[in-house]
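# Architecture at a glance
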Amino acid sequence: MPRLVCIRCGTEGVSTPHGRGCEVCRAQGVPANLRTDYDMTVAGPQFIADLDGPLRGTARYRALLPAELDDADAAATSPSPLIPAPRLAAAAGVETLWIKDESRGLSWSFKDRAGAVAAAHARALGVNVLITASTGNAAAATAAHARRAGLQPVVVFARGVDPLMAAFVAGYGAHIAVAATKKDRWRIVADAVERYGWYPMSNYSDPPVGNNPYALDGYKAIAYEIWEQLGRRVPDAVYFPICYGDALAASRRGFGDLTALGLADRIPAHSGGEIYGSISSALIQGTDSIPLAAADHPTAATSISSPQSTFQALQAIRDSGGAIHAVNETELSDAVRLAVETEGVLLEVAAAAGLAALLRHRRDAVLPRGHEVVLVASSTGLKSLYRQLNSAVDGPLIDDAADLATMVGKREVTAR
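These notes cover the structure that comes with them.

Thresholds, definitions, all that
Residue positions are given per chain, counted from 1 along the sequence in the order it is written. Totals for whole chains, interfaces and linings use all residues, but because this is a predicted model, local features are given only for residues with pLDDT of at least 70 and pairs of side-chain atoms are given and counted only at 80 or more. In computing side-chain properties, one takes all heavy atoms of the structure into account and sets aside hydrogens as well as water. Grouping buried Ala, Val, Leu, Ile, Met, Phe, Trp, Tyr and Cys residues that are joined through side-chain atoms within 4.5 Å yields what is termed a nonpolar core. Throughout, exposure labels follow a simple rule: accessible area from a 1.4 Å probe, protein chains only, divided by the maximum for the residue type, with under 20% read as buried, over 50% as exposed, and the rest as partly exposed. Contact criterion: two residues are considered in contact whenever any of their non-hydrogen atoms come within 4.5 Å of each other. Any two strands between which DSSP finds at least two bridges are classified as paired. What counts as a helix is a DSSP run of H or I of at least four residues, what counts as a strand is a run of E of at least two, and both are numbered from the N terminus. Note on geometry: axes are lines fitted to C-alpha atoms, helical ones only across the stretch in contact, with angles between N-to-C directions running from 0 to 180 degrees. In the analysis that follows, any N or O atom pair within 3.5 Å is treated as a polar contact, provided that within protein one partner can donate a hydrogen and the other can accept it, and provided that, for residues neighboring in sequence, both atoms belong to side chains. A pair of aromatic rings is counted whenever rings of Phe, Tyr or Trp (Trp by its six-membered ring) have centres within 6.5 Å, and the orientation is called stacked for planes under 30 degrees apart, edge-to-face for over 60 and tilted otherwise.

## What to know about the nonpolar core
Of all hydrophobic cores here, the largest spans 61 residues; its most connected members are Phe 47, Leu 130, Tyr 219, Phe 240 and Ile 242. The contacts of Phe 47, once residues within four sequence positions are left out, are Tyr 61, Ala 63, Leu 64, Tyr 224, Leu 258, Leu 261 and Leu 263. Counting residues in hydrophobic clusters, the runner-up holds 51 residues, among them Leu 97, Tyr 204, Ala 237 and Val 373.

Right under this line is the structure:
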């Protein structure tokens, strides 16, 4: 099993799966996560050999994962498609745009990558409970992959959880509990991990540092797949929706692995959209400390609605030459609409934060027109429809086909 080291100061941390981050940096007032550290003299050649071997899905990257996924796991984590998006590219004003559609996993989001690796790692360690503090995609992924691995899923919600997501998670038969506040969730999950040795599938630190590092390695496959799907080359930029930056930070590490092995010549800029401006403030201030932003408005992007992000997100953006934008609700709804109108892709509102940031960065010339960009579509828009569930169908009452022609603004055409 790889050792864990701090992403900021390099101090080695406790190797059991946890979400505390680096104790040294936390004592200094700059909470930072840990990362897995592999012996690349051994893992590197195995990783390269597996690229041309028979393994498929995330299992083909086993050399740089904390646990080896079996054939069933591999089938459940097949590469997500990289969809060409020429009409969206034209609308956004970039030369080439791809959509990395992460809605194809067991629970329809990129959290399935962490869930699959966490379940395999927990099983290898002999741990039979996966636990998470989550109100959204991480909860669903925990439930789905725990069930697939024969483990028990425990999900701690906070009051006010999206009812559609709550029902979705309940559909997997997870053990669900509700805490009074988000911070109470973290306290309870931390206690369960420390007391019972359950496997954590979420951040539970305050201030946050991000997910447990072993689970985070599942997201590195996003970078490996993009590189392979582009013919073993690297795009100019990758855009994410950002909360704690788990996938963003792991993707940057994945591209770093490829460069360290001589398989890629650079790491693409890692950029994205946040809601309340926590990372934006840290970048402006030039600090490693991530401020608590004011949660000054409600947001439809509930999956990424934390007012405080993490050092790992800041580091990935800063070190890769990326950029961040605090998106507003109008930008989010416009991005959802644009993705549907141009490419027929229905994004979860939170997932649209990456596209909203991309659009703003093009308008502000932060992102050059000639760049090749990959947009990580983190989850399906089906998860954002709870507001519409109790609404009447928004359509006119019709009597014949002429009414349809009128509705779409076309003349009635006589059949031949």
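## A closer look at the sheet that holds strand S4 (residues 96-101)
Overall, mixed pairing links the six strands, which are arranged S3-S4-S12-S9-S10-S11 in an open sheet. This sheet does not close on itself; its edge strands, each paired only once, are strand S3 (82-84) and strand S11 (324-326). Along the sheet, successive strands turn relative to each other by an average axial angle of 20°, direction set aside.

## Some thoughts on the side chain of Ser 320
Take Ser 320: it is sitting in helix H13 (residues 311-320). Overall, Ser 320 belongs to the buried group, its relative accessible area being 12%. A distance of 2.7 Å separates the side chain of Ser 320 from the backbone oxygen of Ala 316, its partner in a polar contact. Side-chain polar atoms of Ser 320 contact the backbone oxygen of Ile 317, separated by 3.4 Å. If near-sequence neighbours (up to four positions away) are discounted, Ser 320 is found in contact with Arg 252, Ile 267, Pro 268, Ala 269, His 270 and Gln 315.

## Concerning unusual backbone geometry
In this model, Asp 206 is joined to Pro 207 through a cis peptide bond whose omega is 0°. Assignment of secondary structure puts Pro 207 in the loop between strand S8 (199-200) and helix H9 (213-216). In this structure, Trp 108 takes a positive phi of about 70° despite not being glycine. Relative to the assigned elements, Trp 108 resides in the loop between S4 and helix H5 (111-125).

## A short note on the packing of aromatic side chains
Two aromatic rings, taken as a pair, are described by how far apart their centres are and by the angle between their planes. Throughout the structure, instances matching the rule amount to eight aromatic pairs. Through a chain of ring-to-ring contacts, three or more aromatic side chains come together here, namely Phe 47, Tyr 61 and Tyr 224.

Read these as spatial facts, not as claims about activity.
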